[in-house]
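# Descriptive structure summary
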Amino acid sequence: MTVQAPENPSRRGRRSSTMGAMPLNDMPWWRWRSNVRSALHMLSDPAFQRDVWLAGTEGYGDVTDAVYRLVEDTWLDNWSAEKYVGTIFRDAQEAALVDTAVLRVLRIMHQVGPDAPVSTYLENPSWPDAVRAAREAHVRLATADGEDPETPPRSLEVLRIMTRSA
């Protein structure tokens, strides 16, 4: 009788290529990075926020969804991104930029509440600083990944497809 271990799509038993010094077959850091990047991208783009979130366009979630993607698996609402240097983040500068963005966005979320309408976030006097911090982090991460930071944010369906296990 052959007993097979339950399949864990993040660990395939073979060495795969790396992204910088981060192997693709370890903990699915690339999924976490994709979620963090998606959230930062949406939080960093005022035109997107106006044209998609305020307009109520389907398929992109809202501010609360973006914040959730930013902190859900990483617990960046509980500890520093520095903890993930070498796994999710390439270096201390990426981590510091992400920490700054997370803290600014969470401060506003705690002020207005997670279920506040998008307009409440966007009208908050601290929102431009949060957008600026998210933009700095987004540009740094996208550029490091060889992507154009100026492309529009992807829909949540595209993100789901991208983060499916191979």
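Residues numbered from 1 in each chain as written. Predicted model: local features only at pLDDT ≥ 70, side-chain atom pairs only at ≥ 80, totals over all residues. Heavy atoms only, no water.

### Digging into the overall build of the chain
Where we set the bar: A run of DSSP states H or I qualifies as a helix once it reaches four residues; a run of E qualifies as a strand once it reaches two. Both are numbered from the N-terminal end. Throughout this description, buried means an accessible area under 20% of the type-specific maximum (1.4 Å probe, protein chains only), exposed means over 50%, and partly exposed covers the range between. Only heavy atoms enter the contact rule, under which two residues are in contact if any of them lie within 4.5 Å. Surface accessibility follows the Shrake-Rupley procedure with a 1.4 Å probe radius. Residue values consider only the protein chains on display as shielding.
Scanning the chain for helices and strands turns up 7 helices and 2 strands. Each helix and strand of the chain, ordered N terminal to C terminal, gives the series β-β-α-α-α-α-α-α-α. Here the chain, with 166 residues, has 43% of them falling under the buried criterion. Taking as baseline every contact in the chain between residues at least 6 positions apart, the subset at least 24 positions apart corresponds to 63%. Of the roughly 9,200 Å² of accessible surface on the chain, 53% is carried by carbon and sulfur atoms.

### A word on the packing of aromatic side chains
The following threshold applies: Pairs were defined over the aromatic rings of Phe, Tyr and Trp, the Trp ring being its six-membered one, requiring ring centres within 6.5 Å. Orientation was assigned from the angle between planes: stacked under 30 degrees, edge-to-face over 60, tilted for the rest.
For the structure on display, the rule yields 5 aromatic pairs. Between Phe-48 and Tyr-60 the ring centres are 5.5 Å apart and the planes differ by 70°, which places this aromatic pair in the edge-to-face class. Of this pair, Phe-48 sits in helix α2 (residues 46–54) while Tyr-60 sits in the loop between α2 and α3 (63–71), and the two are 12 residues apart along the sequence. An aromatic cluster of three or more residues is present, and its members are Phe-48, Trp-53 and Tyr-60.

### Regarding helix α7 (residues 156–163)
Counted only if it meets this: Note that the arc is computed from the directions linking the helix axis to the C-beta atoms.
The complete set of buried residues in α7 reads Leu-156, Leu-159 and Thr-163. The buried residues of α7 occupy an angular sector of 55° when the element is viewed end-on, so they sit on one face. Buried residues along α7 sit in contact with α1 (29–43) and α3.

### Observations concerning the environment of Thr-100
Checked against the element boundaries, Thr-100 lands in helix α4 (residues 92–112). For the pair Thr-100 and Ala-81, spaced 19 residues apart in the sequence, the C-alpha separation amounts to 9.6 Å.

### Some thoughts on the layout of surface pockets
Empty pockets left among the atoms are what a rolling probe the size of a water molecule brings to light. Our working definition: Cavities and pockets were defined on a 1 Å grid built from protein atoms only: a cavity is a group of points that admits a 1.4 Å probe but offers it no way out, a pocket is an open group of points flanked by protein on both sides within 12 Å along at least five of seven lines, and a lining residue is one with an atom within 4 Å of any such point. Grid points are joined across faces, edges and corners, and a volume is the space filled by probe spheres set on the points. Under the grouping applied here, Gly and all other residues not named as nonpolar or charged are polar, the nonpolar ones being Ala, Val, Leu, Ile, Met, Phe, Trp, Tyr, Cys and Pro and the charged ones Asp, Glu, Lys and Arg.
Size it by volume and the largest pocket reaches roughly 330 Å³. Forming the walls of the largest pocket are 20 residues, and the residues nearest its centre are Ser-34, Arg-37, Glu-147, Arg-154 and Met-162. Of all the secondary-structure elements, those providing two or more residues to the lining of the largest pocket are α1, α6 (127–144) and α7. Taken together, the residues of the lining of the largest pocket sort by class into 9 nonpolar, 5 polar and 6 charged.

### What about the pattern of salt bridges?
Selection criterion: Salt bridge criterion: a side-chain nitrogen from Lys or Arg within 4 Å of a carboxyl oxygen from Asp or Glu.
Per the stated rule, a full pass over the model turns up 11 salt bridges. For the salt bridge of Asp-145 with Arg-37, the shortest nitrogen-to-oxygen distance reads 2.8 Å. Highlighted residues: Asp-145 in the loop between α6 and α7 and Arg-37 in helix α1, separated in sequence by 108 residues. Neither Asp-145 nor Arg-37 differs from the other in exposure class; each is buried. Between Arg-50 and Asp-51 there is a salt bridge; the shortest N-O distance is 3.0 Å. Judged by its relative accessible area of 49%, Arg-50 is partly exposed. Asp-51 gets classed as partly exposed once you look at its relative accessible area, which sits at 43%.

### A short note on the confidence of the model for the chain
Threshold: Along the chain, pLDDT gives the predictor's confidence residue by residue, from 0 to 100.
Overall, the predicted model of the chain reaches an average pLDDT of 85, with 82% of residues at or above 70. Scored below 50 in pLDDT, residues 1–27 shows 34 contacts in the model against residues more than four places distant or in partner chains.

### As for the side chain of Ser-44
Stated formally: Pairing of N or O atoms within 3.5 Å defines a polar contact, subject to two protein rules: one partner must be a possible hydrogen donor and the other a possible acceptor, and residues neighboring in sequence count only if both atoms are side-chain atoms.
Its location among the elements puts Ser-44 in the loop between α1 and α2. By relative accessible area, which is 5% here, Ser-44 ends up buried. Looking at Ser-44, its side chain comes within polar contact range of the main-chain oxygen of His-41, at 2.9 Å. In contact with Ser-44, not counting residues within four places along its chain, are Gln-49, Val-131, Ala-134, Arg-135 and His-138.

### Quick notes on the nonpolar core
Selection rule: We define the nonpolar core as a collection of buried residues of types Ala, Val, Leu, Ile, Met, Phe, Trp, Tyr and Cys that are connected through side-chain atoms lying within 4.5 Å of one another.
Among the nonpolar cores identified, the biggest contains 41 residues, and Leu-40, Leu-43, Trp-53, Phe-89 and Val-98 are the most heavily contacted of them. Contributing elements (two or more residues each) for this core: α1, α2, α3, α4, α5 (118–123) and α6. With 9 residues, the single largest contributor to this core is α4. Discounting chain neighbours no more than four positions away, the residues touching Leu-43 are Gln-49, Trp-53, Val-63, Ala-66, Leu-70, Val-105, Trp-127, Val-131 and Ala-134.

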